[in-house]
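Below, each chain spelled out in residue letters.
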Amino acid sequence: ANPIGVKVGPSMKNDELKELLQILNPNKEEGRIMIITRYGAGKVEQLLPGHIQAVKESGIPVVWQCDAVHGNGIVAASNKYKTR
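All of the points below concern the structure found in this document.

Reading guide: rules and limits
Residues numbered from 1 in each chain as written. Predicted model: local features only at pLDDT ≥ 70, side-chain atom pairs only at ≥ 80, totals over all residues. Heavy atoms only, no water. Helix = DSSP H or I, 4+ residues; strand = E, 2+ residues; numbered from the N terminus. Axes fitted to C-alpha atoms, helices over the stretch in contact; angles between N-to-C directions. Parallel < 35°, antiparallel > 145°, perpendicular 65-115°, else oblique. Left-handed = near helix turned anticlockwise from the far one by under 90°. Contact = heavy atoms within 4.5 Å. Nonpolar A, V, L, I, M, F, W, Y, C, P; charged D, E, K, R; others polar. Pairing = 2+ DSSP bridges.

### Section: unusual backbone geometry
Right, so step 1: Its identity as a non-glycine residue notwithstanding, Lys28 has a phi of 55°, on the positive side.
Right, so step 2: Considering the arrangement of structural elements, one finds Lys28 in the loop between helix H1 (14–24) and strand S2 (33–37).
Right, so step 3: Residue Lys80 is not a glycine yet carries a positive backbone phi of 65°.

This is how it looks when you write it as structure tokens:
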């Protein structure tokens, strides 16, 4: 079966993440789920530990990937272009 990428950000509650993992990978197949974290620099410290704990509690193996530039853009005042 193909792997499934799941974007996880500030709106994802810990219990929702556990439930989603159970639905997507009930047989706990290695390599099936990749969690792509998308918090932004200002929220990662607050939110990531809860999501890590939720995954541990689910017992479902995941691959973690960080979307390091998500939410870390700067908009130029002169031309409104967004850069990272």
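### Quick notes on the packing of H1 against helix H2 (residues 44–58)
Any two packed helices are characterised by the angle at which their axes cross and by the distance between the axes.
Right, so step 1: At a minimum axis separation of 9 Å, H1 and H2 run at an interaxial angle of 40°. If you check the angle between H1 and H2, you find them oblique. Pair H1 / H2 crosses with right-handed handedness. Residues Asn14, Leu17, Lys18, Leu21 and Gln22 of H1 form the contact with H2, whose participating residues are Gly50, His51, Ala54, Val55, Glu57 and Ser58.
Right, so step 2: Here the contact of H1 with H2 is composed, by residue class, of four nonpolar, five polar and two charged.

### Observations concerning the sheet that holds strand S3 (residues 63–66)
Right, so step 1: Here we have three strands laid out as an open sheet, ordered S1-S2-S3, and parallel in their pairing. In the strand order of this sheet, the two ends are held by strand S1 (4–8) and S3, each with one partner. Here the average twist between neighbouring strands, direction ignored, is 25°.
Right, so step 2: For S2 and S3, the ladder comprises four bridges, and the chain directions are parallel. Opposite Met34, over in S3, you have Val63 as the bridge partner.
Right, so step 3: Sitting on the sheet, H2 is in contact with S1, S2 and S3, with an inclination near 165° to S3.

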